[in-house]
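Residue-level structure breakdown
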Amino acid sequence: MKRGDELAEVRDWVRAARRLVVFTGAGVSAESGIPTFRDALTGLWARFDPERLASEAGFRADPALVWRWYAERRAAIGQAQPNAAHRAIAELEARGAHVAVVTQNVDNLHRRAGSREVLELHGNILRARCLEGCGDPDRFAPGSDWRADPREPPPCPRCGAPLRPDVVWVGELLPQAVFARAEHEALGCDLMLVVGTSALVYPAADLPALARDAGARVVVVNPEETPLDARAARVLRGKAATILPRLLDELPERTGGA
Ligand code: BJW
Ligand code: ZN
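Residues numbered from 1 in each chain as written. Chains lettered and ligands numbered in written order. Predicted model: local features only at pLDDT ≥ 70, side-chain atom pairs only at ≥ 80, totals over all residues. Heavy atoms only, no water.

**Quick notes on the environment of Glu31**
- Here Glu31 shows up in the loop between strand 1 (19-24) and helix 2 (50-53).
- What makes Glu31 partly exposed here is its relative accessible area of 33%.
- It is 9.5 Å that separates the C-alpha atoms of Glu31 and Ala80, two residues lying 49 residues apart in sequence.
- With residues near it in sequence (within four places) discarded, Glu31 still touches Asn83, Lys239, Ala240, Ala241 and Thr242. (Helix = DSSP H or I, 4+ residues; strand = E, 2+ residues; numbered from the N terminus. Buried < 20%, exposed > 50% of the residue type's maximum accessible area, 1.4 Å probe, protein only. Contact = heavy atoms within 4.5 Å.)

Pasting the structure below:
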């Protein structure tokens, strides 16, 4: 099937969907200038393995190093803008469709684009919490001064332990209530768009199979192959900021001819 026809077919599925899940990974923010997780880390961080930095062991081994990496990413995210993919996803919800955004990203860009139903499976880089778990993540909501010092983690105001980013590192449990709602949305949707994820990290990567086994169509949007492609109803090979807007609106009418 030609590329334009595939887009038109999936656009019809989006229009007809009663309940939609948009499941996203780092690729949906790539065109906002945020490097994806497994792309070679840029600049200073090129020599580090992201999963070593994004781990509790890595943080405990060198809290200042990991805190600085997150502070740099927070600063980059602060300068970034939601891109056309984030905006198209928010527009879907604004047009009245029942859309749940289930994201693995911690960059808050879906919310900044206007999406309201956003389930953050791996937390949010703009929040911090006590390393020893004495406080409530919301205690350090954006705007607190804990972000003042990018060089090293400030002490928890309650117990003095270092603060850590309120994100989910490898080996850590996902927020159970959030993950349960994501499973509920996956089981109840009739269409799941899987946008910009390598689908390598579990249990998040289980959600597309859960949706498909419950009868939903799963559509993958990714410029590269993923392990989900073989069992997707459709694979749209390309970039999120190009494809997502075209799933909302008519393709530019072909002039003349068939
Ligand atoms: C574009 C594009 C464009 C590019 N347009 N697309 C041993 C012990 C414990 C657990 C495990 C274990 N072995 C395995 C596990 C499970 C483990 C896991 O899956 N590990 C894998 C690494 C193998 N999972 C966990 O540990 C999870 N917890 C868990 O299992 O708890 C239960 C448990 C606990 C204890 C014991 C046993 C069980 C937690 C996983 C947390 C993942 N955390 C991170 C960091 C978050 C914070 C931060 O961001 O700093 O989440 S790691 C990283 O992976 C991050 C991402 O959200 C996640 C997914 O990555 P994503 O989004 O797919 O990014 P990329 O870069 O991989 O892919 C980008 C894609 O975009 C590519 O496909 C590109 O082609 C595409 N793309 N440009 C569209 N323009
Ligand atoms: Zn504390």
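The structure having been displayed, the exposition proceeds.
**Details of the site of ligand 1**
- In the region of ligand 1, 34 residues are neighbours, and Arg38, Tyr70, Gly171, Thr197 and Ser198 sit closest.
- Taking Ala26, its main chain carries an N or O atom lying 2.8 Å from an oxygen atom of ligand 1.
- Between ligand 1 and Val168 there is a distance of 2.9 Å, counted from a nitrogen atom to a backbone nitrogen or oxygen.
- Looking at the shell around ligand 1 residue by residue, the class counts come to 17 nonpolar, ten polar and seven charged.
- Residues from two domains meet in the shell around ligand 1; each of domain 1 (1-33 + 81-122 + 174-258) and domain 2 (35-79 + 125-167) gives at least three. (Near = heavy atom within 4 Å. Polar contact = N/O pair within 3.5 Å; in protein donor to acceptor, adjacent residues only side chain to side chain. Nonpolar A, V, L, I, M, F, W, Y, C, P; charged D, E, K, R; others polar. Domains from an automatic or database assignment.)

**Quick word on the coordination of the zinc ion (ligand 2)**
- At 2.2 to 2.3 Å from the zinc ion (ligand 2) lie its protein donor atoms, namely Cys130 (SG), Cys134 (SG), Cys156 (SG) and Cys159 (SG).
- Geometry at the zinc ion (ligand 2) is tetrahedral, judged from its four donor atoms and the angles of 101 to 116° they form at the metal.
- Overall, the relative accessible area of 1% leaves Cys130 in the buried class.
- We classify Cys134 as partly exposed; its relative accessible area is 23%. (Donors = N, O, S within 2.8 Å, 3.2 Å for Na, K, Ca; no water. Tetrahedral: all angles 85-135°; square planar, octahedral: opposite > 155°, others 65-115°.)

**Brief notes about the pattern of salt bridges**
- Taken as a whole and judged by the stated rule, the model has 14 salt bridges.
- Taking the shortest distance from any N to any O, the salt bridge between Arg181 and Glu117 comes out at 2.9 Å. Here Glu117 lies in the loop between helix 6 (109-113) and strand 3 (118-120) and Arg181 lies in helix 7 (residues 176-188), a separation of 64 residues in the sequence.
- The class of Arg181 is partly exposed, set by a relative accessible area of 44%.
- Close ionic contact of Asp166 with Arg129 constitutes a salt bridge, the shortest N to O distance being 2.7 Å. (Salt bridge = Lys/Arg side-chain N within 4 Å of Asp/Glu carboxyl O.)

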